[in-house]
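# An overview of the molecular structure
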Amino acid sequence: MTQLAIPANDYGEDVPFVIQKPDGTAKDLTGLTATLKVWKNDPATVIFSKTLTITDAVNGKCKWPVVSADMATLVPSGLTNVETYHAEVELTSGSVRLSTTTEFDLTIKASP
């Protein structure tokens, strides 16, 4: 499983994503909305959801511009080591869910 690690309270940077089709080629995101969804144990209980910014639709590129409110949701009080979540990027057209990426781990590491 793919893993993405971010230092706690490390915001103001963009986390880039490239969405690919099963054959490894870029998924065209033209006209689509890409949403990052994060959960702890149960995918039906999403604790964080954020619309991603599409930066190059034809080549499947989008980004998560991380802001302080994102970390406030994802960083538990008193984090001393790491907190690991599960995540995916969901693609929609209007209100119709078209697909999701393969699930990946999102790890928030304690800041020094």
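To start, this report covers the structure provided alongside it. (Residues numbered from 1 in each chain as written. Predicted model: local features only at pLDDT ≥ 70, side-chain atom pairs only at ≥ 80, totals over all residues. Heavy atoms only, no water.)

## Observations regarding the pairing of strand S4 (residues 46–51)
Put simply, the test is: Strands were regarded as paired on the criterion that DSSP finds at least two bridges between them. Numbering of helices and strands runs from the N terminus, with a helix taken as a DSSP run of H or I at least four residues long and a strand as a DSSP run of E at least two residues long.
Pairing of strand S3 (residues 33–39) with S4, which is carried by five bridges, proceeds in the antiparallel orientation. Bridge pairing links Thr-35 to Thr-51 in S4.

## Let's talk about the sheet that holds strand S6 (residues 61–65)
So the rule is basically this: Axes here mean lines fitted to C-alpha atoms, for a helix over just the part in contact, with angles spanning 0 to 180 degrees between N-to-C directions.
Sheet architecture is open: three strands sit in the order S2-S6-S5, paired in antiparallel fashion. Whereas interior strands pair on both sides, the edge strands pair on one side only; in this sheet they are strand S2 (14–18) and strand S5 (53–56). Direction aside, neighbouring strands of the sheet carry axes that sit 30° apart on average.

## Describing the packing of aromatic side chains
For clarity, the cut-off: Pairing of aromatic rings covers Phe, Tyr and Trp, the last through its six-membered ring, and needs centres within 6.5 Å; plane angles under 30 degrees mean stacked, over 60 mean edge-to-face, and all others mean tilted. Using a 1.4 Å probe on the protein chains alone, a residue whose accessible area is under 20% of its type maximum counts as buried, one over 50% counts as exposed, and one in between counts as partly exposed.
All told, the structure shown has two aromatic pairs when counted by the stated rule. With 5.8 Å between their ring centres and 50° between their planes, Phe-48 and Trp-64 make a pair best called tilted. Taken together, the positions of Phe-48 in strand S4 and Trp-64 in strand S6 put the pair 16 residues apart, joining distant regions of the chain. Both residues of the pair, Phe-48 and Trp-64, count as buried.

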